[in-house]
Amino acid sequence: MRRPLIAGNWKMNGDAAEADALFRALAAVRPGGADLVVCPPFTALAAAQQSLSDTCIQWGAQNVYPAASGAYTGEISPAMLTSLGCRWCICGHSERRQLLGETDDFIRRKVRAVLDAGMMPILCVGETADERRGGRTASVVQREVEEGLRDAAADEAARLVVAYEPVWAIGAGQAATAAEAQEVCGWIRECLFRLFGQDAASSARILYGGSVGQGNIADFLSEPDIDGALIGGASLRADEFISIYDTAKA
Ligand code: PGA
C-alpha cells in the first residue's frame, strides 16, 4: 500500500521571521500514517533543519542544479541540500518551466541528480488550459513523465513522486475535479508501468496539485491513483496545512 504524502510548496514566500513562525506552528503536528513534507525557499532550509529535526515533518527544496559543484553562479547543488537534511526536491514545477524556460531535458538531469544524492524527486507535470482545450492533455503529461524519468531505474521507483498539476488550476482557487485529476493520474500510472513495470508502477506515489485545500483534499485522496497532494497557497497557513495532513492520516 502506498503511504499518503502531503507536500507543501511555499514558492517565493516566507522571509526569515515568517519561516520561523510557520515552522514553529507546524511543529505541533502529530505523526500518523502519512508523510508530511515542506519545501520552503532555499533561504529557510537551515531554519527548517533546526526547527523540524525533532518532529515528524520532513523538508525539501523547490529546485536544484544538476552538478556537484563549480562555476554555476546563483545555483545550489544536491549535496548542499542534503547537508541541510533535505530529503526531497521539487523538479520541473510549471512556474519554472514557463517563467524560467526549463526544458524536459534539463528537468531529467535534475531528477537524476536528486536520485543520485539519495533524495526523492517530486516531478511536476501538467497541461496548460490551451493544451487541455486542444485535447492534448494526455500527450503533454505523458511526454513530461517519460522525459523527466528517462534516466531513472525501476528499482528507484519507490523514491519517485510524480505530481500532476494542471497549470490552469495552480493558484486559481479552482481545482480540477477529483474525477479529472484521477483520469490523468491513472494515465501517469500506466506510463510508469510502461517505463518501469508493475512493481514500480504500484509503488511510486502520484500527487495532485492545484488549488488544494482542506475543503477538497478528501475528494482527491478517495481516488485510487491519487496518493496525496502538492500544496502551494494552503501550505502557508499552518492550521489549514495541518488539517489537510490530518485528513490524509485518517
Ligand atoms: P496552489 O499551488 O496550491 O497554490 O494552487 C500548487 C503548486 O503550484 O504546487
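For every chain, the first residue of the written sequence is number 1, and numbering continues from 1 along that sequence. Totals for whole chains, interfaces and linings use every residue, but because this is a predicted model, local features are given only for residues with pLDDT of at least 70 and side-chain atom pairs only at 80 or more, for both listing and counting. Side-chain numbers here rest on the full set of heavy atoms in the structure, without hydrogens or water.

Trainee: How should the nonpolar core be read in this particular structure?
Mentor: Proteins that are soluble and globular tend to have nonpolar side chains buried together. In terms of nonpolar packing, the biggest core is built from 66 residues, with Ile6, Val38, Val145, Leu149, Ile188, Leu192 and Tyr208 touching the most fellow members. With eight residues, the single largest contributor to this core is helix H8 (residues 178-196). In what follows, residue pairs with any heavy atoms lying within 4.5 Å of each other are defined as contacts. Contacts of Ile188, omitting those with residues within four sequence positions, involve Val125, Val141, Val145, Val162, Tyr164 and Ile206. Residues enter a nonpolar core if they are buried and are Ala, Val, Leu, Ile, Met, Phe, Trp, Tyr or Cys, with the set joined through side-chain atoms within 4.5 Å. Buried residues are those whose accessible area, probed at 1.4 Å on protein chains only, stays under 20% of the maximum for their type, while exposed residues exceed 50% and partly exposed ones sit between those limits. Ranked by size, the runner-up nonpolar core spans 13 residues in total, among them Ala7, Val161, Ala163 and Leu230. Secondary structure counts use DSSP, requiring at least four H or I residues in a row for a helix and at least two E residues in a row for a strand, with both numbered from the N terminus.

Trainee: Mind showing me how you'd approach the pairing of strand S3 (residues 57-61) here?
Mentor: Two faces belong to every sheet, and in a regular strand the side chains alternate between them. The buried fraction of S3 is high, at five of five residues. Residues of S3 alternate between two faces, with Ile57, Trp59 and Ala61 on one and Gln58 and Gly60 on the opposite face, all of them buried. Handedness of the β-α-β unit built from strand S2 (residues 35-39), helix H2 (residues 45-52) and S3 comes out right-handed. Classification remark: right-handed applies to a crossover when, strands pointing away from the viewer, the course from the first strand over the helix to the second runs clockwise.

Trainee: Would you mind going over the packing of helix H7 (residues 137-148) against H8 with me for this structure?
Mentor: In helix packing, the relevant descriptors are the interaxial angle and the interaxial distance, both defined with respect to the helix axes. Angles shown run from 0 to 180 degrees and are taken between the N-to-C directions of axes, each axis being a line fitted to C-alpha atoms and, for helices, limited to the stretch in contact. Following both chains from N to C, one finds H7 and H8 inclined at 40 degrees, their axes separated by 10 Å at the closest point. One finds that H7 runs oblique with respect to H8. Along this stretch, H7 crosses H8, giving a crossing that reads as right-handed. Contacts between H7 and H8 pair Thr137, Ala138, Val141, Gln142, Val145 and Glu146 from the former with Val184, Trp187, Ile188, Cys191, Leu192, Arg194 and Leu195 from the latter. Residues that form the contact of H7 with H8 fall into these classes: nine nonpolar, two polar and two charged. Roughly parallel here means an angle under 35 degrees, roughly antiparallel means over 145, roughly perpendicular means 65 to 115, and every remaining angle is called oblique. In a left-handed crossing the near helix is turned counterclockwise from the far helix by less than a right angle, and in a right-handed crossing that turn is clockwise. In this classification, Asp, Glu, Lys and Arg are treated as charged, Ala, Val, Leu, Ile, Met, Phe, Trp, Tyr, Cys and Pro as nonpolar, and every other residue, Gly included, as polar.

Trainee: Any chance you could explain the packing of aromatic side chains here in plain terms?
Mentor: Two aromatic rings, taken as a pair, are described by how far apart their centres are and by the angle between their planes. Geometry of aromatic contacts follows a simple scheme: Phe, Tyr and Trp rings, the Trp one being its six-membered ring, pair when their centres are within 6.5 Å, and the pair is stacked under 30 degrees between planes, edge-to-face over 60, tilted otherwise. Per the counting criterion, the structure on display carries five aromatic pairs. Summarising the aromatic geometry, the rings of Tyr65 and Phe106 are spaced 5.9 Å apart at their centres and angled 65 degrees between planes, so their arrangement reads as edge-to-face. Of the two residues, Tyr65 sits in the loop between S3 and helix H3 (78-82) while Phe106 sits in helix H5 (residues 104-116), which places them 41 residues apart along the sequence. On the accessibility criterion, Phe106 (22% relative accessible area) is partly exposed. Here a set of aromatic residues connected by ring pairs shows up, and it is made of Tyr65, Tyr72 and Phe106.

Trainee: Just to check I follow, could you spell out the pattern of salt bridges for this structure?
Mentor: Two side chains of opposite charge can pair, provided their charged atoms sit close to one another. By convention in these notes, a salt bridge is any Lys or Arg side-chain nitrogen within 4 Å of a carboxyl oxygen on Asp or Glu. Applying the stated criterion across every chain yields a total of 23 salt bridges. For Asp35, the salt bridge is made with Arg205, and the minimal N-O distance between the two is 2.9 Å. Highlighted residues: Asp35 in strand S2 and Arg205 in strand S7 (residues 205-209), separated in sequence by 170 residues. Its relative accessible area of 11% is what places Asp35 among the buried residues. Between Glu102 and Arg96 there is a salt bridge whose closest N-O contact spans 2.7 Å. What you see here is one network of salt bridges that share partners, running through Arg2, Arg189, Asp225 and Asp227.

Trainee: Teacher, can you tell me more about the site of the ligand here?
Mentor: The full set close to the ligand counts 13 residues, and Lys11, His93, Glu165, Gly171 and Ser211 are the nearest of them. Think of a polar contact as two N or O atoms within 3.5 Å of one another; within protein, one of them needs to be a possible hydrogen donor and the other a possible acceptor, and neighboring residues in sequence only count if both atoms come from side chains. Within the contact set of the ligand, an oxygen atom lies 2.7 Å away from a side-chain nitrogen or oxygen of His93. The side chain of Glu165 places a nitrogen or oxygen atom 2.6 Å from an oxygen atom of the ligand. A 1.4 Å probe and the Shrake-Rupley method give the accessible areas. Residues count as covered only by the protein chains that appear here. Relative to its unbound accessible surface of 280 Å², the ligand loses 95% to contact with the protein. Of the residues belonging to the shell around the ligand, the class tally is four nonpolar, seven polar and two charged. For each residue, the test is whether any non-hydrogen atom lies within 4 Å of the molecule or strand; if one does, the residue is near.

Trainee: Help me understand the pairing of S7, please; the structure alone is not making it clear to me.
Mentor: The buried fraction of S7 amounts to five of the five residues, a majority that puts the element mostly inside the structure. When strand S6 (residues 161-164) meets S7, the two strands line up parallel, connected through four bridges. By the bridge assignment for S7, Tyr164 is matched with Tyr208. Strands were regarded as paired on the criterion that DSSP finds at least two bridges between them. Where S7 and strand S8 (residues 228-231) come together, two bridges link them in parallel fashion. Among the inter-strand pairings, Gly209 is bridged to a residue of S8, identified as Leu230.

Trainee: Looking at this model, I keep getting lost on H7. Mind explaining?
Mentor: In an α-helix, one turn spans 3.6 residues; hence positions three or four apart end up facing the same way. Multiplying 1.5 Å by the helix residue count minus one yields the expected span of that helix. In this model H7 runs 16 Å from its N-terminal to its C-terminal C-alpha over twelve residues, within 8% of the 16 Å that 1.5 Å per residue would give. Along H7, the residues classified as buried are Thr137, Val140, Val141, Glu144, Val145 and Gly148. For H7, the buried positions fall inside an angular range of 125 degrees around the axis, keeping them on one side. On its buried side, H7 packs onto helix H4 (94-99), H5, strand S5 (120-125), helix H6 (129-133), S6 and H8. The arc in question is traced by the directions running from the helix axis to the C-beta atoms.

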